[in-house]
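The residues making up each chain are set out below.
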Amino acid sequence: MGTRQRKFRKPQPKKPAENKTVEEIVRGLKEHSTKTDSGYREQSLKIHGLICAKCGREFDFKNRNLLTVHHKDGNHLNNPSDGSNWENLCAYCHEDEHSRGLLGDYLKGKS
């Protein structure tokens, strides 16, 4: 396993919302979020069910917000409609999945 280096982007200055009300800004943000995230998330939940693929914890309508979609290849833009690049993980297992490489590098003295 090689070392992973994280690249951080320099924050870009935000353009001021010209003549937009707060309601219009919020509506635009919600529309953007719906187009980018929930499409494949909802699809993954339908395909794989409301269960964590790692720990087996089951979820229902009330707590399904704790269930996240993990991209197996690490590319969040790779969203095949058959769900082959996704697995549903609870928030705890998802965090564990992404921190394993960092912990391993630290323990090996590569950090």
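Residues numbered from 1 in each chain as written. Predicted model: local features only at pLDDT ≥ 70, side-chain atom pairs only at ≥ 80, totals over all residues. Heavy atoms only, no water.

## Here we look at the side chain of Ser-44
Thinking step 1. Within the element layout of this structure, Ser-44 appears in helix α1 (residues 22-48).
Thinking step 2. Classification of Ser-44 as buried rests on a relative accessible area of 0%.
Thinking step 3. In contact with Ser-44, not counting residues within four places along its chain, are Gly-49, Val-69, Trp-86 and Asn-88. (Helix = DSSP H or I, 4+ residues; strand = E, 2+ residues; numbered from the N terminus. Buried < 20%, exposed > 50% of the residue type's maximum accessible area, 1.4 Å probe, protein only. Contact = heavy atoms within 4.5 Å.)

## Comments concerning the nonpolar core
Thinking step 1. Counting residues in each nonpolar core, the largest one holds seven residues, listed as Leu-45, Cys-52, Phe-59, Leu-67, Leu-89, Cys-90 and Cys-93.
Thinking step 2. The contact partners of Leu-45, leaving out residues within four places of it in the chain, are Leu-50, Arg-64, Leu-67 and Asn-88. (Core = buried A, V, L, I, M, F, W, Y, C linked by side-chain atoms within 4.5 Å.)

## Comments concerning the confidence of the model for the protein chain
If pLDDT is low for a region, its predicted coordinates should not be looked at in detail.
Thinking step 1. Looking at the protein chain, the pLDDT average stands at 82 and 77% of residues meet or exceed 70.
Thinking step 2. Mean pLDDT across the elements of the protein chain bottoms out in α1 (77) and peaks in strand β2 (residues 86-90) (96). (pLDDT = per-residue confidence, 0-100.)

## Some details on the pairing of strand β1 (residues 67-71)
Thinking step 1. For β1, the tally of buried residues reaches four of five residues, placing the bulk of the element in the interior.
Thinking step 2. Note: β1 against β2, five bridges, orientation antiparallel. Bridged to His-70 within β2 is Glu-87. (Pairing = 2+ DSSP bridges.)

## Section: the side chain of Asn-88
Thinking step 1. The topology assignment puts Asn-88 in strand β2.
Thinking step 2. Among the polar contacts listed, one links the side chain of Asn-88 to the side chain of Ser-44, at a separation of 2.6 Å.
Thinking step 3. Ignoring anything within four residues of it in the chain, the contact list for Asn-88 reads Ser-44, Leu-45, His-48, Gly-49, Ile-51, Cys-52, Ala-53, Leu-67, Thr-68 and Val-69. (Polar contact = N/O pair within 3.5 Å; in protein donor to acceptor, adjacent residues only side chain to side chain.)

## Things to note about a nonpolar patch on the surface
Thinking step 1. Side chains of Leu-103, Tyr-106 and Leu-107 sit close together on the surface and give an oily, nonpolar patch of about 380 Å² of accessible area.
Thinking step 2. Tracing the sequence through the fold places Leu-107 in helix α2 (residues 91-107). (Patch = residues over 30% accessible without salt bridge, like charges linked within 9 Å, V, L, I, M, F, W, Y side chains within 5 Å. Areas by Shrake-Rupley, 256 points an atom, 1.4 Å probe, with all protein chains shown as cover. Salt bridge = Lys/Arg side-chain N within 4 Å of Asp/Glu carboxyl O.)

## Section: α2
Thinking step 1. Here α2 is 17 residues long and its end C-alpha atoms lie 24 Å apart, about the 24 Å a rise of 1.5 Å per residue gives.
Thinking step 2. Its maximal kink placed at Ser-99, α2 deviates by approximately 40 degrees.
Thinking step 3. Those residues of α2 that fall on the buried side of the exposure criterion are Cys-93, His-94, Gly-101 and Asp-105.
Thinking step 4. For α2, the secondary structure elements touched by its buried residues are β1 and β2.
Thinking step 5. Immediately downstream of α2, the backbone of Gly-109 shows phi near 80 degrees, a positive value. (Expected span 1.5 Å × (residues − 1). Bend = angle between axes of the 7 residues up to and from the residue.)

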